[in-house]
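Reading the structure
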Amino acid sequence: MKNNRGPHKGGRGFGEPRRVFGAPAEDAYRLPSAASTPEELLLLGALKRCGGDGVPSKSLQREAGIRDKDSFYKALKSLEELKEVTVDKDHWVKLVPPAKEIEAEIVSLSARFGFAKPKIGEDIFIPGRDLNGAFLGDKVILWDLQKRDRGPSGKVKRIVERKENKLTGTVHINEHGSAVVTPDGPVRYDMEVQAARLGGAKDGDKVLIEPIQDGRGDWSQAAVKYVFGTGDRARVCADAIIERCGIPTEFPSEVMAQAEKISRMTVTQADIDERLDLRDEPIFTIDSADAKDLDDAVSAMKTVDGYTLGVHIADVSHYVKAGTPIDTEAFLRGTSVYFADRVIPMLPEALSNGVCSLNAGTEKLTFSALMDFDLDGNMIDYRFEKTVINSKVRGVYSEVNEIFKGTASPKILEKYSPVMDSLMAAKELADILQHNGKSRGQMDLTSDETKFLLNEDGVCIDLLPRTQGISEELIEQLMVAANCAAAKASLDAEIPFLYRVHEKPNPDRVYELCDLFDRLGVKCGELKKGSPSAKDFAEVLSRVKGTGKESLVNQRILRTMDKARYDHRELGHFGLALNEYSHFTSPIRRYPDTSIHRILSDVVRGEDKGSIRKKYKTFAEESAIESSKNEVRAVTGERDAEDCYMAEYMRAHLGEHHVGVINGVTPKGIFVKLQNNAEGFISLGDFESCDFEFDGEICHKCRRSGKTLMMGQELAIIIAGADVATGRIDFMPEEP
């Protein structure tokens with residue numbers, strides 16, 4: 001739950017920095033270790049035992065007990081890159097001393113304090129008097145770093161770089177004509193707006209603002225720079241969110257000109273001659289009925305020894321060349337962004353919906369992952385080929401689900417007859433792969449996604465929980481297989497690459513999760529061992545599946561996990577229980593996939609591996625960083641807009657009675673989630689004649705009546721309020 005929707009209801013608090021091997025905490029604040037592998041942790045522990053003067057690397061290897069020389073030096077190099085240790089020319093290894101000053105970015109501001117995020121470690125609290133004029137997004141140098149009971153604190157010594165913020169908010173004008181703007185996002189206090197600086201904005205309008213410092217240097221005032229429109233419309237709020245997040249919507253003219261030129265390209269005989277010709281193969285796509293950017297197609301065949309699978313992906317790298325205007329723009333966008341009423345594409349529609357889209361009945365250039373599996377679903381061989389295909393059927397999820405359920409009409413069966421054998425072989429293989437995923441511990445996490453139904457005016461009129469049918473699961477399994485093959489190919493070739501990584505959860509957070517589950521009556525003994533596996537988490541999820549606690553347990557496990565991201569190092573994917581994983585299958589909408597295609601294209605062409613390493617080392621690192629950053633930007637914008645659309649829908653249902661589940665508990669109230677995924681806040685003050693005592697985590701208990709408000713408990717509510725501009729929904733208890 002985002003802070004702009006009421007009191008904070010959980011997540012990471014301000015605890016002591018993590019200590020390694022029980023080492024004493026220094027007086028000065030030390031950034032929590034970024035070490036992630038057992039070898040790195042062993043090295044840090046050994047260095048602390050050896051004291052601050054350092055130790056020769058060979059002695060350190062013995063002290064750490066790491067027998068494998070390659071593993072030792074790999075861990076040592078990683079710690080040096082993370083600036084945890086230094087290694088001099090004589091191979092003496094020393095711990096980097098505690099930080100006296102560190103660089104950080106201001107990430108949130110309240111009326112009396114702020115928080116700054118360093119490159120490594122948790123956020124640092126800064127009292128308002130010590131912000132030294134810093135504002136949101138500014139890069140600053142912090143000093144006087146201390147560890148307090150509630151976490152690290154510091155002071156701004158100087159501002160290194162000012163950030164030009166795109167700050168949005170909602171204007172409020174009282175009966176006397178005085179105006180303030182309530183900013184969106186991480187600025188959590190009202191800013192005064194003088195009448196001359198309103199820019200024509202009216203009460204309730206969504207606006208773009210410029211923050212202004214007052215005479216004391218505080219950012220207490222603002223000027224309206226642009227008026228989006230009324231904050232009562234979710235579509236208008238989405239416009240403001242796009243601007244605030246800095247999501248580019250207009251393509252530069254040179255990009256559009258290049259896209260138009262590319263869109264006129266056709267598949268030539270020369271293209272066909274230099275590629276593997278798969279035009280006669282029973283290849284098909286499966287997407288939603290309204291999808292226009294079809295970037296993946298599949299084909300499958302049952303063999304005596306197992307299965308062959310082809311995953312054929314639009315060859316975007318053939319059209320989008322490195323360093324061109326389109327490539328530069330795609331790098332800056334990073335991903336397509338999806339809102340309830342629009343899609344902001346990574347590539348111009350002339351490419352994404354045109355020349356690159358794998359429309360049925362047309363010759364298309366593709367990059368194919370061709371894989372062989374044994375009867376148990378083990379990948380025994382793979383190769384990547386530049387191909388040309390002609391998809392035989394434009395499949396639709398709902399239609400394929402009807403086929404698998406045995407309820408398809410003769411018309412649907414006739415449509416899929418050219419690829420029916422291929423489709424059924426794909427289904428068999430996908431079922432085996434899904435079973436294997438569960439066996440190795442792949443977590444079946446759901447994130448309660450919602451589909452928003454809008455009317456012709458763009459107003460949200462219904463909320464529909466997204467469901468995943470058999471065909472959706474089929475495509476997901478086959479795409480995962482291709483992504484694994486791409487990662488394997490890079491590791492086998494020892495070339496620079498981008499991986500989709502999901503690291504192991506922090507042990508402290510797992511401990512907190514276990515404590516929560518114990519109190520909720522959810523058995524989780526397997527999570528309490530030293531380093532629980534993905535399979536251990538999967539066991540807990542399986543235990544609550546189909547119960548009233550399923551959604552809550554899913555949500556809490558998701559919050560405990562680190563977010564998946566891109567990295568130039570292969571660190572494994574914990575959630576999928578895979579040692580190697582990448583993103584190869586969606587180059588139309590994700591730049592990491594385009595990056596991977598570009599690298600693998602050179603491998604397929606037979607370029608020297610030394611040249612490939614030199615060509616892509618820096619590119620892979622930069623693409624991973626930029627892609628991860630742009631993904632966060634997109635997800636933030638999408639979720640904030642979803643809150644506004646949910647509030648718009650709920651506003652039309654004020655006074656209705658519903659039953660929901662308590663999904664979060666805070667000192668000031670509770671959050672209740674309904675079946676349609678809408679979530680509202682109830683203040684403790686709305687429970688009449690109750691004197692609640694908070695247990696600090698999951699429950700309020702009335703001292704007078706014994707009434708409890710506990711996470712996971714059902715509660716009857718009345719929809720009391722919905723503010724579209726902030727995305728906040730308020731409920732009242734049916735029985736106050």
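Bear in mind that the values here come from a model prediction, so they are computed numbers and not experimental data.

Calculation notes
- Residues numbered from 1 in each chain as written.
- Predicted model: local features only at pLDDT ≥ 70, side-chain atom pairs only at ≥ 80, totals over all residues.
- Heavy atoms only, no water.
- Helix = DSSP H or I, 4+ residues; strand = E, 2+ residues; numbered from the N terminus.
- Buried < 20%, exposed > 50% of the residue type's maximum accessible area, 1.4 Å probe, protein only.
- Contact = heavy atoms within 4.5 Å.
- Salt bridge = Lys/Arg side-chain N within 4 Å of Asp/Glu carboxyl O.
- Core = buried A, V, L, I, M, F, W, Y, C linked by side-chain atoms within 4.5 Å.
- Axes fitted to C-alpha atoms, helices over the stretch in contact; angles between N-to-C directions.
- Parallel < 35°, antiparallel > 145°, perpendicular 65-115°, else oblique.
- Left-handed = near helix turned anticlockwise from the far one by under 90°.
- Phe/Tyr/Trp six-rings, centres within 6.5 Å; stacked < 30°, edge-to-face > 60°.
- Lys NZ or Arg CZ within 6 Å of the ring centre and 35° of its normal.
- Polar contact = N/O pair within 3.5 Å; in protein donor to acceptor, adjacent residues only side chain to side chain.
- Disulfide = S-S within 2.5 Å.
- pLDDT = per-residue confidence, 0-100.
- Pairing = 2+ DSSP bridges.
- Patch = residues over 30% accessible without salt bridge, like charges linked within 9 Å, V, L, I, M, F, W, Y side chains within 5 Å.
- Areas by Shrake-Rupley, 256 points an atom, 1.4 Å probe, with all protein chains shown as cover.

1. Some thoughts on the environment of Tyr-645
Within the secondary structure, Tyr-645 is located in helix 18 (residues 609-651). For Tyr-645, a relative accessible area of 1% translates into the label buried. Distance from Tyr-645 to Val-459, taken between C-alpha atoms, is 8.0 Å for residues 186 residues apart in sequence. Among residues more than four places away in sequence, those in contact with Tyr-645 are Ala-234, Arg-235, Ala-238, Ala-340, Asp-341, Phe-452, Leu-454, Gly-458 and Cys-460.

2. Re the pattern of salt bridges
Applying the stated criterion to the full structure yields 48 salt bridges. Between Asp-138 and Arg-162 there is a salt bridge, with its nearest N and O atoms 2.5 Å apart. In this pair, Asp-138 sits in the loop between strand 6 (124-127) and strand 7 (139-148) while Arg-162 sits in the loop between strand 8 (151-161) and strand 9 (167-173), placing the two residues 24 residues apart along the sequence. By relative accessible area, which is 42% here, Arg-162 ends up partly exposed.

3. Remarks on the nonpolar core
Grouped together as the largest cluster of nonpolar side chains are 83 residues, with contacts concentrated most on Leu-478 and Phe-584. Looking at which element gives the most residues to this core, the answer is helix 13 (residues 470-493), with 11 residues. The next biggest cluster of nonpolar side chains, apart from the first, holds 65 residues, and it includes Ile-241, Ile-557, Cys-644 and Phe-692.

4. Side note on the packing of helix 15 (residues 534-544) against helix 16 (residues 550-560)
Remark: helix 15 packs on helix 16, axes separated minimally by 9 Å, with the N-to-C direction vectors making an angle of 160°. On the basis of the axis angle, helix 15 is roughly antiparallel to helix 16. For the pair helix 15 and helix 16, the crossing hand works out as left-handed. Every residue of helix 16 that contacts helix 15 at Phe-537, Val-540, Leu-541 and Val-544 is listed here: Glu-550, Val-553, Asn-554 and Ile-557.

5. Quick word on the packing of aromatic side chains
Two measures describe an aromatic ring pair: the distance that separates the ring centres and the angle between the ring planes. One pass over the structure, following the stated rule, counts 17 aromatic pairs. When the centroid spacing of 5.9 Å and the interplanar angle of 85° are considered together, the rings of Phe-113 and Phe-115 count as edge-to-face. With relative accessibility at 29%, the residue Phe-113 sits in the partly exposed group. Following the ring pairs from residue to residue traces out a cluster consisting of Phe-367, Tyr-382, Phe-384 and Phe-584. It is Arg-333 that lies over the ring of Phe-251; its NZ or CZ is 3.6 Å from the centre. Here the guanidinium or amino end of Arg-500 rests over the ring plane of Tyr-566, the centre of that ring lying 4.6 Å away.

6. Quick word on the side chain of Ser-391
Counting through the fold element by element, Ser-391 comes out in the loop between strand 22 (379-390) and strand 23 (393-396). In this structure the side chain of Ser-391 is engaged in a polar contact, spanning 3.2 Å, whose partner is the backbone oxygen of Val-393. In contact with Ser-391, other than residues within four places in its own chain, are Ile-283, Phe-284, Thr-285, Leu-358, Asn-359, Ala-360, Gly-361 and Thr-362.

7. Topic: the state of the cysteines
In total, this model carries zero disulfides according to the counting rule given. Considering cysteine sulfurs only, Cys-702 is the nearest to Cys-699, which forms no disulfide, with 11 Å between them.

8. A closer look at the confidence of the model for the chain
Considering every residue of the chain, the mean pLDDT works out to 90; 94% of them sit at 70 or more. For residues 1-27, every residue scores under 50 in pLDDT, and the model assigns this stretch 77 contacts once sequence neighbours within four places are set aside.

9. A short note on the sheet that holds strand 2 (residues 85-87)
Within a sheet, adjacent strands bond to each other through the backbone by hydrogen bonds, running parallel or antiparallel. Ordered by their spatial adjacency, three strands build an open sheet running 1-3-2, and the pairing between neighbours is antiparallel. Looking at strand neighbours, the two that pair on one side only are strand 1 (55-56) and strand 2, the edges of this open sheet. As defined by bridge partners, strand 1 adjoins strand 3 (residues 92-95) across two bridges and the pair is classed as antiparallel. In the strand pairing of strand 3, Val-55 is matched with Val-93. Lying over the sheet, helix 3 (residues 69-81) contacts strand 2 and strand 3, oriented at roughly 110° with respect to strand 2.

10. Let's talk about the sheet that holds strand 32 (residues 699-702)
Strands sit in the order 31-32-33 across an open sheet of three strands; the sheet is antiparallel. Because the sheet does not close on itself, it has two edges, and the strands there are strand 31 (692-694) and strand 33 (708-710). When the angles between neighbouring strand axes are averaged without regard to direction, this sheet yields 15°. In this sheet, strand 32 lies alongside strand 31 in antiparallel orientation, the contact comprising three bridges. Bridging across to strand 32, Phe-692 finds its partner in Cys-702.

11. A closer look at the pairing of strand 34 (residues 714-723)
In this sheet, strand 34 lies alongside strand 28 (residues 657-666) in antiparallel orientation, the contact comprising five bridges. When the bridges of strand 34 are listed, His-658 appears paired with Ile-717. Judged from the six bridges that link them, strand 34 and strand 35 (residues 728-733) form a sheet pairing that is antiparallel. Residue pairing for strand 35: Ile-718 is matched across the bridge by Met-732.

12. Considerations on a nonpolar patch on the surface
A contiguous nonpolar patch, built from Leu-453, Ile-461 and Leu-464 and spanning about 240 Å² of accessible area, is present on the exposed surface. With respect to the helices and strands, the residue Leu-464 is situated in strand 25 (residues 460-465). Residue classification places Leu-464 among the partly exposed residues on the basis of a relative accessible area of 36%.

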